[in-house]
Amino acid sequence: EPISQGLLFRATAVGFMVVNLLPFRIGELARPWLLSRETDIRGTAALGTIVLERAIDFTALAVIGSFVMFAHQDTLPNWVRSAALVFATLSCIPLGLAVLLRRDESAILRVAKSVLGYAPSGVSERGSYVVEQLSAGLNSLKSGRDGLWILFYTVLIWAVVFPLPYTCLLYTSDAADEY
């Protein structure tokens, strides 16, 4: 069901405020908690969208890091290149799992339940419930069009919005040094 933009903005603003005030990025948990309090959405389902958001961000950073590593590959030691390859691979795993979960939810849920079957019964039941709710949070991605919009905004944020102030500062400081 649709959620008002005002409620989403308020939850995001409160979440970012808590991120800035409390340690360990606890604000990431404040957003789904607030949404679950004010809507019929379960907190774990809302948490699924945040997990997806972080997976996309990690993958974007890994891609950007790969471009930087490729541009400076001659000047970097081998251990840095190896560590970056491991990081890039590991950062793509959560996004890959989210894509698989979205494409074939029942198969991933069966695998998760079979893996959780080795845990004690209380942990197994709770874990299965959490995986189902996280999967429900991914239902907001209904089509490939939604994925393209997410890709567009991710590129816009990570390749334009974040580096722009630093790029302007670099060019400004170079110009100031000439005077």
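Further up the page is the structure itself.
Residues numbered from 1 in each chain as written. Predicted model: local features only at pLDDT ≥ 70, side-chain atom pairs only at ≥ 80, totals over all residues. Heavy atoms only, no water.

S.K.: Whenever I open this one, the overall build of the chain confuses me. Can you help?
M.R.: If you tally the helices and strands in the chain, you get 8 helices and 0 strands. Across the chain, helices and strands are ordered from the amino to the carboxyl terminus as α-α-α-α-α-α-α-α. For the chain, the C-alpha radius of gyration of 20 Å lies well beyond 16 Å, the compact-globule estimate for 179 residues. For the chain, the spread of C-alpha atoms along the principal axes amounts to about 70 × 45 × 35 Å. (Helix = DSSP H or I, 4+ residues; strand = E, 2+ residues; numbered from the N terminus. Rg over C-alpha atoms; globule rule 2.2 N^0.38 Å.)

S.K.: Would you mind showing me how to read the pattern of salt bridges here?
M.R.: It is possible for side chains of opposite charge to pair when their charged atoms get near one another. By the definition in use, this model includes 8 salt bridges. Taking the shortest distance from any N to any O, the salt bridge between Glu 132 and Lys 113 comes out at 2.9 Å. One end of the pair, Glu 132, is in helix 6 (residues 121-137); the other, Lys 113, is in helix 5 (residues 105-116), with 19 residues separating them in the sequence. Look at the salt bridges and you will find they share partners, linking Arg 25, Glu 28, Arg 31, Glu 53, Arg 54 and Asp 57 into a network. (Salt bridge = Lys/Arg side-chain N within 4 Å of Asp/Glu carboxyl O.)

S.K.: Would you explain unusual backbone geometry in this entry?
M.R.: One can expect most non-glycine residues to show negative phi and most peptide bonds to be in trans. Unusually for a residue other than glycine, Phe 24 sits at a positive phi of about 60°. Position of Phe 24 relative to the elements: it lies in the loop between helix 1 (5-21) and helix 2 (27-38). The exposure class assigned to Phe 24 is exposed, which follows from its relative accessible area of 77%. In this structure, Arg 25 takes a positive phi of about 55° despite not being glycine. On the secondary structure map, Arg 25 appears in the loop between helix 1 and helix 2. (Buried < 20%, exposed > 50% of the residue type's maximum accessible area, 1.4 Å probe, protein only.)

S.K.: Is there a simple way to think about the environment of Thr 44 in this case?
M.R.: Topologically, Thr 44 is positioned in helix 3 (residues 43-71). The sequence separation of Thr 44 and Gly 137 amounts to 93 residues, and the corresponding C-alpha distance is 7.5 Å. Every residue in contact with Thr 44, bar those within four places of it in the chain, is listed here: Tyr 129, Val 130, Gln 133 and Leu 134. (Contact = heavy atoms within 4.5 Å.)

S.K.: So what exactly am I meant to see when it comes to the environment of Glu 38 here?
M.R.: With respect to the helices, strands and loops of the structure, Glu 38 is situated in helix 2. Accessibility expressed as a relative area gives 39% for Glu 38, which makes it partly exposed. C-alpha of Glu 38 to C-alpha of Leu 7: the two residues are 31 residues apart in sequence and 8.3 Å apart in space. What Glu 38 contacts, discounting residues up to four positions off in sequence, is Leu 7 and Arg 10.

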